[in-house]
Amino acid sequence: MSETQSGPPLSPQCAICGTVLTGPWRHLFHLVGIKRSPRNPNICNRCGAHVEEGRVVEVTVLFADLSSFTELTQELGPERTHEIVDTFLRTASAAIAKFGGFIDKYIGDAAMALFNVPVKLEDHPRRAVAAALELQANMAALRERFQMDLKTAAGIATGWARVGRVGSSDNKDFTAIGDVVNLAARLEAKTNPGEILVSRETYDKVAADFPDVAPEQLALKGFKDTVLTYRLHGGARAPRIEATEKESKQRGISWGAVVFGLLGAPCAVTTLISPLAVILGVGTLFGLSGALAFLDQGPVRIPVLIFAVLAALANLYTLWRARQIRAESAERLAGMTRLEKRSAAIVLISATASLLMVVLEIVMHALYHGSPL
């Protein structure tokens, strides 16, 4: 009998920017499109994969698919095949997310996942193995549901890869490129149903949990030399995964955090301010400059001034909070790109100018009318 474990619970807040993902507050964020990322439920969909954009990092790559399923698709037909594959991929995604993995992509009836990006996990090889064993244990429910001998197999490799978006600037095109990805895919192709084939680098991190596994030299397509691998069979006890301090710690909720969540960046850490924040900053600046000529004669003077001040302060807060988040995570974040610096500069300049124009309007009103308001 296999023994699964609960694994760390899903984070109640985004592991990067702190946006609330559970409880009553989540409904407010849902109104502006902020929710859990479908590729990594421990972060919000704004932060996505920006954290490791364009960096070479150590990752553990997991490929898992339905063993020997292709041969059955002609007999099953498209509708039945879709139902089984969809259920399997949802089950795989749940197991991967449970241990902090990031869904890279689905390829037919296979899922590719990355561990250690965008959230750093010191024990990422152990988590990948635990996720694969969890998926194998969950296959019993699928076999019972579909009355078929469904089994899964997985290939896991640990190594260095460049992570980032390829082919477009869309977050969904975030992926990893490197030999480690090819190795994990080739290992998965060499598995038998119910097996997990891991590279030496991965096995070194879980050897204490699987002490009796014999090494195996394999010739893999695309690799000049043979590769040392280890076969882990279904039913093995999953390595114990302890929740990290970041996973178990929930940040306090404040009105400032809510303001940042609503006006903050699509990726808060990189200080890319959202369109709403830019509109409030730049729009208020130019709107206020055009309004100065008639403010003294209109009833909207005080409301416009109040709006200008609040909008400018909200923008300045998002910049400050994003910088604070970056400082807290400096050890795992790359420097800001030129585009990110330009976006932050636009918001800073527009917010500062808006505040200066409010002061100017108050001073001019006091000079001409003897009262600042």
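Scroll up to find the structure this text is about.
The structure presented is a predicted model; accordingly, all values stated were derived computationally and were not measured.

How each quantity is defined
Residues numbered from 1 in each chain as written. Predicted model: local features only at pLDDT ≥ 70, side-chain atom pairs only at ≥ 80, totals over all residues. Heavy atoms only, no water. Helix = DSSP H or I, 4+ residues; strand = E, 2+ residues; numbered from the N terminus. Contact = heavy atoms within 4.5 Å. Phe/Tyr/Trp six-rings, centres within 6.5 Å; stacked < 30°, edge-to-face > 60°. Axes fitted to C-alpha atoms, helices over the stretch in contact; angles between N-to-C directions. Parallel < 35°, antiparallel > 145°, perpendicular 65-115°, else oblique. Left-handed = near helix turned anticlockwise from the far one by under 90°. Buried < 20%, exposed > 50% of the residue type's maximum accessible area, 1.4 Å probe, protein only. Pairing = 2+ DSSP bridges.

Observations regarding the environment of P125
Secondary-structure assignment places P125 in helix 4 (residues 124–146). Measuring from C-alpha to C-alpha, the distance between P125 and K205 comes to 6.4 Å, with 80 residues separating the pair along the chain. P125 has contacts with T60, T158, T202, K205 and V206, leaving out every residue within four places of it along the chain.

Observations regarding the packing of aromatic side chains
Tallying each qualifying case throughout the model produces one aromatic pair. Taking 3.8 Å as the distance between ring centres and 10° as the angle between the ring planes, the aromatic pair formed by Y203 and Y230 counts as stacked. Separated by 27 residues along the polypeptide, Y203 in helix 6 (residues 200–206) and Y230 in strand 8 (residues 227–233) bring together distant segments of the chain.

Quick notes on unusual backbone geometry
One non-glycine residue, N116, adopts positive backbone phi at about 100°. Checked against the element boundaries, N116 lands in the loop between strand 3 (110–115) and helix 4. Even without being glycine, Q147 reaches a positive phi, approximately 55°.

A look at the packing of helix 3 (residues 78–98) against helix 4
Interhelical geometry of helix 3 versus helix 4 gives an angle of 150° and a closest axis separation of 9 Å. In terms of orientation, helix 3 and helix 4 fall into the roughly antiparallel class. Viewed along their axes, helix 3 and helix 4 form a crossing whose handedness is right-handed. Note on element contacts: helix 4 touches helix 3 through A131, E134, L135, N138, M139, L142, R145 and F146, opposite R80, E83, I84, T87, F88, T91, A92, A95, I96 and K98.

Points about the pairing of strand 6 (residues 195–199)
The two faces of the sheet receive side chains in turn, since in a regular strand these alternate between them. The buried fraction of strand 6 is high, at five of five residues. What you see with strand 6 is no split at all: E195, L197 and S199 on one side and I196 and V198 on the other are buried throughout. The sheet contact formed by strand 6 and strand 8 spans five bridges and is antiparallel. Looking at strand 8, one finds that I196 is bridged to L232.

By themselves, these are just geometric observations and shouldn't be taken as functional.
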